[in-house]
Amino acid sequence: MRKMLLAMLSRVLQTPAAAAAAGKTASRVMVASRNYADFANEATFEMKKCDLHRLEEGPSTTAVMTREEGLQYYKTMQTIRRMELKADQLYKQKIIRGFCHLYDGQEACCVGIEAAIKPTDHVITAYRAHGFTYTRGVPVREILTELTGRKGGCAKGKGGSMHMYTKNFYGGNGIVGAQVPLGAGIALACKYFGKNEICLTLYGDGAANQGQIFETFNMAALWKLPCIFICENNRYGMGTSVERAAASTDYYRRGDFIPGLRVDGMDVLCVREATKFAAEHCRSGKGPIVMELQTYRYHGHSMSDPGISYRTREEIQEVRSKSDPITLLKDRMVNNNLASIEELKDIDVAVRKEIEEAAQFATTDPEPPLEELCQHIYFNEPPFEVRGPNQWISYKSTS
């Protein structure tokens, strides 16, 4: 009986349709059987040369990236992109309220920076902070839950889009430029305690004309603080182009007496190598350095800005098609046999699943109770009473 069944199966498979199906199955098996040995372990890439100010030489114009690094960079950037698109969706559904500044388009900046520094180094940035919050170690679920104002958020639902924190990450600051003096203070602490740590202080091109930044430059240079001042130049301060806002758009030269370099902020490897160079400059006791990252945001300034009244849709599309940081990394990896298209698609699917699960939690987690409103005002302090909206209402604050 078994022989008869095998003979019948053999005759069926001899038909053209069955043969074609068998061929497809075989090809799928061949694709699935491709193992890690088929890929290169690493590859060397050419990068755009950085513009320099008061530096005799700058970062290397070549970079080595391992397969493992490439996959990690790709997954991290794709996660940030999908997280921001999900935040856009939740905002339009009125689940996220208030200010919300999205980071999609600028992913190479935060990913390249984090790849070049140590977990013990310090980062402080402005209000476009979701990407840095993630690269500093906060899970997607806690970020989205913070955006929806729920208990499970990284700031207990009381910080929102602009005020997210974790160890060695100081936000998320809503006042334009105000984080720059704070960053210099963190760098002063690094030098005072002698831990060979540095502070990366980020601000945008819109904040670059503020007086407090130049005051900070002066103090940082006098005291040789280990601080990398990073201007994320995404070409628009709110709705004003850099050409209309600044007499000089060479932001990397703004430190005057402080060395600087201008970097392709859409290339994760270029950002990584430039940050390594700047970090070594600071750790060696040479004082601060200014780094300008030329990048681009796809969304408007915030969710209240459609982003097309001061620039054209064609301009945005051109950047997407020619300079997208994720596409650039993907093409490099595939063309240099560091990964396959199928493998990267699997990462995309896994990322989408993670984002959807995080969004589900962020929309169902309970809001913090009213009695927790005034908690965590101070760290390690005894409890005290905080007056409410009138003299008959008070809340208890605990650390």
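To be clear, the structure that these remarks concern was listed above.
Below, the structure is looked at part by part.

Rules of the game
- Residues numbered from 1 in each chain as written.
- Predicted model: local features only at pLDDT ≥ 70, side-chain atom pairs only at ≥ 80, totals over all residues.
- Heavy atoms only, no water.
- Axes fitted to C-alpha atoms, helices over the stretch in contact; angles between N-to-C directions.
- Helix = DSSP H or I, 4+ residues; strand = E, 2+ residues; numbered from the N terminus.
- Parallel < 35°, antiparallel > 145°, perpendicular 65-115°, else oblique.
- Left-handed = near helix turned anticlockwise from the far one by under 90°.
- Contact = heavy atoms within 4.5 Å.
- Nonpolar A, V, L, I, M, F, W, Y, C, P; charged D, E, K, R; others polar.
- Expected span 1.5 Å × (residues − 1).
- Buried < 20%, exposed > 50% of the residue type's maximum accessible area, 1.4 Å probe, protein only.
- 1 Å grid on protein atoms, 1.4 Å probe; cavity = no way out; pocket = protein on both sides within 12 Å on 5 of 7 lines; lining within 4 Å.
- Points joined across faces, edges and corners; volume = space filled by probe spheres on them.
- Patch = residues over 30% accessible without salt bridge, like charges linked within 9 Å, V, L, I, M, F, W, Y side chains within 5 Å.
- Areas by Shrake-Rupley, 256 points an atom, 1.4 Å probe, with all protein chains shown as cover.
- Salt bridge = Lys/Arg side-chain N within 4 Å of Asp/Glu carboxyl O.
- Phe/Tyr/Trp six-rings, centres within 6.5 Å; stacked < 30°, edge-to-face > 60°.
- Lys NZ or Arg CZ within 6 Å of the ring centre and 35° of its normal.

1. A look at the packing of helix 3 (residues 67-92) against helix 13 (residues 341-364)
Contact geometry of helix 3 with helix 13 gives a least axis separation of 9 Å together with a crossing angle of 40 degrees. What the angle tells us is that helix 3 and helix 13 run oblique. The handedness of the crossing between helix 3 and helix 13 is right-handed. In contact with Arg67, Leu71, Tyr74, Lys75, Gln78, Thr79, Arg82, Met83, Lys86 and Leu90 of helix 3, helix 13 contributes Glu343, Leu344, Ile347, Asp348, Val351, Arg352, Glu354, Ile355, Glu356, Ala359 and Thr363. The residue inventory of the contact of helix 3 with helix 13, partitioned by class, reads nine nonpolar, three polar and nine charged.

2. Some details on helix 13
Counting along an α-helix, one turn takes 3.6 residues, and residues three or four places apart therefore face a common direction. An ideal rise of 1.5 Å per residue puts 34 Å on 24 residues; helix 13 measures up with 35 Å between its terminal C-alpha atoms. Of all the residues in helix 13, the buried ones are Glu343, Leu344, Ile347, Asp348, Val351, Ile355, Ala358, Ala359 and Ala362. Close packing links the buried residues of helix 13 with helix 3, helix 6 (140-147) and helix 12 (325-335).

3. A word on the layout of surface pockets
Empty space within the largest pocket amounts to approximately 450 Å³. Lining the largest pocket we find 30 residues, and of these Tyr127, Arg128, Gly204, Gly206 and His301 sit closest to its centre. Sorting the residues of the lining of the largest pocket by element identifies strand 5 (199-204), strand 7 (236-237) and helix 9 (242-245) as the ones contributing at least two each. Examining the composition of the lining of the largest pocket, we find that three residues originate from one element, strand 5, more than from any other. Class assignment for the residues of the lining of the largest pocket results in 14 nonpolar, 13 polar and three charged.

4. Quick notes on the packing of helix 3 against helix 4 (residues 107-116)
Two elements in contact, helix 3 and helix 4, have axes separated by 10 Å at closest approach and are oriented at 140 degrees. Considered as vectors, helix 3 and helix 4 are oriented oblique to each other. In the crossing of helix 3 with helix 4, the sense of the turn from one axis to the other is right-handed. Along the contact surface, helix 3 presents Tyr73, Thr76, Met77, Ile80 and Arg81, while helix 4 presents Glu107, Ala108, Cys110, Val111 and Ala115.

5. Considering a nonpolar patch on the surface
A cluster of nonpolar side chains, Leu188, Met219, Leu222 and Trp223, forms an exposed patch at the surface whose accessible area comes to about 400 Å². Here Leu188 is to be found in helix 7 (residues 179-193). Judged by its relative accessible area of 38%, Leu188 falls in the partly exposed class.

6. Brief notes about the packing of aromatic side chains
The relation between two aromatic rings is expressed through the spacing of the ring centres and the mutual angle of the planes. As enumerated under the stated definition, the model contains seven aromatic pairs in all. Summarising the aromatic geometry, the rings of Tyr192 and Phe193 are spaced 5.2 Å apart at their centres and angled 90 degrees between planes, so their arrangement reads as edge-to-face. The residues Tyr192 and Phe193 share a single accessibility class, namely exposed. Aromatic side chains Tyr236 and Tyr310 sit 5.3 Å apart centroid to centroid with 50 degrees between the ring planes, which places their arrangement in the tilted category. Of the two residues, Tyr236 is situated in strand 7 and Tyr310 in the loop between strand 10 (289-294) and helix 11 (313-323); the sequence distance between them amounts to 74 residues. Judged by its relative accessible area of 8%, Tyr236 is buried. Pairwise contacts between aromatic rings join Phe214, Phe217 and Phe229 into one cluster. Cation over ring: Arg320 sits above Tyr298, and NZ or CZ is 4.0 Å from the ring centre.

7. Notes on the pattern of salt bridges
Going through the model one piece at a time under the given rule, you end up with 17 salt bridges. The salt bridge involving Glu69 is made with Arg272; its shortest N-O contact spans 3.3 Å. Of this pair, Glu69 sits in helix 3 while Arg272 sits in helix 10 (residues 268-283); the two residues are 203 residues apart in sequence, bridging distant segments of the chain. Between Asp121 and Arg283 there is a salt bridge whose closest N-O contact spans 2.5 Å. Note that Asp121 is positioned in the loop between helix 4 and strand 4 (122-124) and Arg283 in helix 10, a separation of 162 residues in sequence. It is possible to trace a salt-bridge network through shared partners that takes in Asp51, Asp250, Arg253 and Arg262.

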